[in-house]
Amino acid sequence: MRVCLLILLLLAANGVFAQKFEYDVTFHGLGDNREFQSQVANSQTILGERTSFAVGTTLDENHQIRVGLSHLFEFGSNIEEQKPILTAYYHYANDEQKEFYFGSFPRMDLIDFPLALITDTLLYYRPNIQGFYGRYNWDWGHQNGFVDWTSRQTDTRRETFMAGFSGEIRHANFFFQNYITLFHFAGTAIHGAESRVSDDLGMIFFVGSDLDQLLSLQKSYVRAGIFSSKYRERGLTDGYVDSNSFMAQLYGESKYFALRSTLNVGDGHNIMNGDRFYDVDSYWRTDVIWKFINSRYVEGRFNLSFHLVDGGTLDQSQQLAIIYKFGN
């Protein structure tokens, strides 16, 4: 019945969109192998592919409607183990100054936060933002924000949502960047000790400079700043637990290779949707990136990542991504 209803919906959409039929297709092949001796983060291997498609139209040059599906197939599993995710959203764009999304829409290429606040596995298992997103551009910078509503409270389900803001202010080669996330993890409608309400707020503020002219690379920069967070679990913690650390990052990219090195020193943080390595007091990550496919429609990347934990244990991981996009 659900399949029939979906087919009817797509046929109805095709009739409405007959004036200008548009489509978007994305294939995301992924391989992620994590060998962690420190046991700060889970060792695991993720291998599979996500295929997403959406159909729709553009009205008056500024208003887009899209409807489609996104499905993750992990190799070695049954195809029905991961349920397809509905993609259905409205998109407004006006002269590259204002932009707005509402519905269930892909986060890929739209949300770009430090891993300390939003870990990369969300792109695998929660590829869509379900809520809204807005962005406003100026000549000297931009600011955007989103709300991702992930669960409504019932007798058995907890209410959860994440909100975030990010932006940048530029002057010549210098910039200031802000990244803020809030995650609310409420209890079920039937209260119990096993469903305590928890909240975490993470904030990263960078100042930095582009190094393109100095290093003669396609893209390069250095940035440093403060990572601050607040966490509480009602009935367990004595109010909010405050954490502060220093974070710095160096990045350089050429046509086929890139290097990114990130250092975080200070208090450990408790960000539920962040990378677990930032729970420790000292963490240094270096990524060596090989862009082995770099064409108009296909992008292939291989990351070799080194994780120095608390100045002692050296962990390593490898990430492979092949992304193929096409549409009209």
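The following refers to the structure shown. Here the structure is a predicted model, which is why all the values come from computation and not from measurement. (Residues numbered from 1 in each chain as written. Predicted model: local features only at pLDDT ≥ 70, side-chain atom pairs only at ≥ 80, totals over all residues. Heavy atoms only, no water.)

Points about the overall build of the protein chain
Rule in force here: Each helix is a run of DSSP H or I of at least 4 residues and each strand a run of E of at least 2, with the numbering of both proceeding from the N terminus. Both definitions apply: the radius of gyration is a C-alpha atom measure, and the globule rule equals 2.2 Å times residues to the power 0.38. Buried residues are those whose accessible area, probed at 1.4 Å on protein chains only, stays under 20% of the maximum for their type, while exposed residues exceed 50% and partly exposed ones sit between those limits. Working definition of accessibility: Shrake-Rupley area with a 1.4 Å probe, residue cover restricted to the visible protein chains. Charge counting follows a simple rule: Lys and Arg are positive, Asp and Glu are negative, and His as well as the terminal groups are ignored. Working definition for charges: the position is that of NZ of Lys, CZ of Arg, CG of Asp or CD of Glu.
Counting its regular elements, the protein chain contains 3 helices and 16 strands. A compact globule built from 328 residues would reach a C-alpha radius of gyration of about 20 Å, and the protein chain, at 21 Å, matches this within 12%. Structurally, the protein chain occupies a C-alpha span of about 60 × 60 × 45 Å along its principal axes. Relative to its full complement of 328 residues, the protein chain shows a buried share of 42%. Taken as a whole, the protein chain presents about 17,900 Å² of accessible surface, with 58% of it coming from carbon and sulfur. Charge-centre separation for the protein chain: the mean point of 28 positive side chains lies 3 Å from the mean point of 38 negative side chains.

Focus: the pairing of strand β12 (residues 241–253)
We apply this condition: Two strands pair under a simple rule: DSSP has to find at least two bridges between them.
Inspection of the sheet shows strand β11 (residues 219–233) paired to β12 by 13 bridges, in the antiparallel sense. By the bridge assignment, Y231 is partnered in β12 with V241. As paired elements, β12 and strand β13 (residues 257–266) share 9 bridges and run antiparallel to each other. Note that in β13 the partner of G252 across the bridge is L259. Remark: 3 residues form the turn of the hairpin made by β12 and β13, two consecutive strands paired antiparallel.

A look at the environment of R152
Heads up, the condition is: Contacts between residues were defined by any pair of non-hydrogen atoms, one from each residue, lying within 4.5 Å.
Position of R152 among the secondary structure elements: in the loop between β7 (141–151) and β8 (160–171). For R152, a relative accessible area of 56% corresponds to the exposed category. For the pair R152 and A186, spaced 34 residues apart in sequence, the C-alpha to C-alpha distance is 9.6 Å. Setting aside its immediate chain neighbours within four residues, R152 contacts R157, R158 and E159.

Observations concerning the pattern of salt bridges
Note the following rule: For salt bridges, the criterion is a side-chain nitrogen of Lys or Arg within 4 Å of an Asp or Glu carboxyl oxygen.
Inspection of the entire model under this criterion finds 18 salt bridges. Of the charged contacts in the structure, one is a salt bridge between D242 and K230, with a shortest N-O distance of 2.8 Å. Placement of the pair is D242 in strand β12 and K230 in strand β11, with a sequence separation of 12 residues. Its relative accessible area of 45% is what places D242 among the partly exposed residues. Overlapping salt bridges, with partners in common, bring together R260, D275, R285 and D287 in one network.

Notes on the packing of aromatic side chains
Going by this rule: We call Phe, Tyr and Trp rings a pair once their centres come within 6.5 Å, taking the six-membered ring for Trp, and we label the pair stacked below 30 degrees between planes, edge-to-face above 60, and tilted otherwise.
Taken as a whole and assessed by the stated rule, the structure comprises 24 aromatic pairs. Judged by centre distance (5.4 Å) and plane angle (0 degrees), the rings of W149 and F161 are stacked. Note that W149 is positioned in strand β7 and F161 in strand β8, a separation of 12 residues in sequence. Assessed through its relative accessible area of 37%, W149 is described here as partly exposed. Taken together through their ring pairs, the aromatic side chains of F36, F227, F277, Y278 and Y283 make up a single cluster.

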